[in-house]
Amino acid sequence: MQILSRVTLTFGVIILIAAALLLGKDVIDINQLHAVANANRSTNFPSPLNTVLITAVLAVIGGFLTGLGLGMPKRLPRTPQPH
């Protein structure tokens, strides 16, 4: 159980870091779209909607896996040995 706990925790943290990086990219994309809208010119900027949705899903999965990894027992309880 200890190995599964650590692996789950590691994957959860990796997914949370990926979600944070994508969120940073989304902020930059949204700022660019805002600047284009304010300048009244039409340039083909991709819509950040799909990336925002992917970021939200990754954050939920990462948070779930991190909580699951932290909540798992570190060691299995020892069973009493008969004498």
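Along each chain, residue indices are assigned from 1 in the same order as the chain's sequence is written. Under the rules for a predicted model, residues below a pLDDT of 70 receive no local features and side-chain atom pairs below 80 are neither given nor counted, while totals for whole chains, interfaces and linings still include all residues. Side-chain numbers come from the whole structure's heavy atoms, not from hydrogens or water.

An unreviewed UniProt entry lists the protein under the name Membrane protein (Fun14 family), with Deinococcus soli given as the organism.

Draft legend 1. Spatial organisation of the overall build of the protein. The way it works is that DSSP assigns letters per residue, a run of H or I at least four long becomes a helix, a run of E at least two long becomes a strand, and they are numbered from the N terminus. Each helix and strand counted, the protein has 2 helices and 0 strands in total. Residue exposure (1.4 Å probe, protein chains only): buried if accessible area is under 20% of the type maximum, exposed if over 50%, otherwise partly exposed. Considering the protein as a whole, with its 83 residues, one finds that 18% of them fall into the buried category. Across the protein, the fraction of contacts at a sequence separation of at least 24, relative to all contacts at a separation of at least 6, is 83%. Using the Shrake-Rupley algorithm and a 1.4 Å probe, accessible areas are obtained, with residue cover drawn only from the displayed protein chains. When the accessible surface of the protein is split by element, carbon and sulfur atoms take 70% of a total near 6600 Å². Contact criterion: two residues are considered in contact whenever any of their non-hydrogen atoms come within 4.5 Å of each other.

Draft legend 2. Spatial organisation of the UniProt feature "transmembrane region" (unreviewed entry) in the protein. What UniProt calls "transmembrane region" (unreviewed entry) maps, in this numbering, to residues 48-70. A helix fraction of 96% and a strand fraction of 0% characterise residues 48-70, whose end C-alpha atoms lie 32 Å from each other. UniProt positions are given in the numbering used here, feature names are shortened, and annotations may be inferred rather than shown by experiment.

Draft legend 3. Local environment of the side chain of Thr66. Looking at where Thr66 falls in the secondary structure, it is placed in helix H2 (residues 49-71). Under the relative-accessibility criterion, Thr66 is labelled buried at 13%. Among all residues touching Thr66, those that are not within four sequence positions of it are Leu9, Gly12, Val13 and Leu16.

Draft legend 4. Just the side chain of Thr51, in detail. Relative to the helices and strands, Thr51 is located in helix H2. On the basis of relative accessibility, which here comes to 18%, the residue Thr51 falls in the buried class. What Thr51 contacts, discounting residues up to four positions off in sequence, is Leu22 and Asp26.

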